[in-house]
Each structure stands twice: as C-alpha cells, then as structure tokens.
Amino acid sequence: MRQNEVMPTELKVLSNHIYELQKGVRQMVLFTCPKQYEECARKRLCSQNMDYVLQPAGKNNLNFYIGRKECLNAIRLIVTRPLNELSPEEDFILGAMLGYDLCAQCERYCERKCKKKCSKCKN
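Colleague: A description of the sheet that holds strand S2 (residues 52–57) should follow, citing residues and the corresponding values.
Modeller: With antiparallel pairing, three strands are arranged side by side in an open sheet as S1-S3-S2. This sheet does not close on itself; its edge strands, each paired only once, are strand S1 (28–34) and S2. Going across the sheet, the axis of each strand differs from the next one's by a mean of 20°, ignoring polarity. Across six bridges, the pairing between S2 and strand S3 (residues 61–67) is antiparallel. Looking at S3, one finds that Val53 is bridged to Tyr65. With respect to the sheet, helix H1 (residues 9–23) is in contact with S1 and S3, its orientation differing from that of S1 by roughly 170°.

What follows is the structure in structure tokens.
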C-alpha cells in the first residue's frame, strides 16, 4: 500500500491486533474482515511472522485467528464449524481464550445452556 493511500478501517484494526500480540497484551485475537481484504491481511501477517488460522465467516467474511501456536492448535480442534453452531461449552472456551470478560462469558454460557435445555423441553 502506498503511503498516500488511505488504509481501510479493517486493516487498521488488524494493525492494532498485531501490535497487541507483539507486545504480549494478548496471546490470541479473532479478526473478522470482508473477503476482499484476505490477500492484504495474509501479506501483513506473513510480513510480521504471525501465525494464523483462517476460516470462512458467512458468505462475505473471513475469520483470522491470530496468535501463539498453542492457541491456534486448540482453535483447530474446537472451532470446526461456524461460530453460531458451537456448543455452549465450545463458545465459552473460545471466549476465554480470546480474553473476553470472564463474568460476561459465564453469563453467556448459562444463558446458552438454559436456552438449549428449554428448547429440548418444548419438543
């Protein structure tokens, strides 16, 4: 990208994620972007020697899981389908790995678990 070009917001977010990973603020991040930025994002990650796992996110977006190899190996085992299809347990683990607020993750887990039980009772 030439210096006089404006950087899209999505790529500014990616740059911030890379900075936080390099500084040790985070061990792993989830970066979602439109498919049109795939090549640019890949090049940026490769130029920074960042490991990542790439997965589709709907028809028009991609999820880049970026971070330490240990975390990405776990992602490959846990996130084997779209995020909205994860079990409450898988969703909880993913949120915890991404460093989301633990109490909020606990609330989310309980809500999803109760909703799952209630939908079983209605059948």
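Colleague: A description of the packing of helix H3 (residues 69–78) against helix H4 (residues 88–97) should follow, citing residues and the corresponding values.
Modeller: Put simply, H3 and H4 touch, their axes get as near as 11 Å, and they point 160° apart. Classified by the angle their axes make, H3 and H4 are roughly antiparallel. Considering only the axes of H3 and H4, their crossing is left-handed. Taken together, the residues of H4 that come into contact with H3 (itself represented by Cys71, Ala74, Ile75 and Ile78) are Glu90, Ile93, Leu94 and Met97. Here the residues of the contact of H3 with H4 sort into seven nonpolar, no polar and one charged.

Conventions we followed
- Residues numbered from 1 in each chain as written.
- Predicted model: local features only at pLDDT ≥ 70, side-chain atom pairs only at ≥ 80, totals over all residues.
- Heavy atoms only, no water.
- Pairing = 2+ DSSP bridges.
- Helix = DSSP H or I, 4+ residues; strand = E, 2+ residues; numbered from the N terminus.
- Axes fitted to C-alpha atoms, helices over the stretch in contact; angles between N-to-C directions.
- Contact = heavy atoms within 4.5 Å.
- Parallel < 35°, antiparallel > 145°, perpendicular 65-115°, else oblique.
- Left-handed = near helix turned anticlockwise from the far one by under 90°.
- Nonpolar A, V, L, I, M, F, W, Y, C, P; charged D, E, K, R; others polar.

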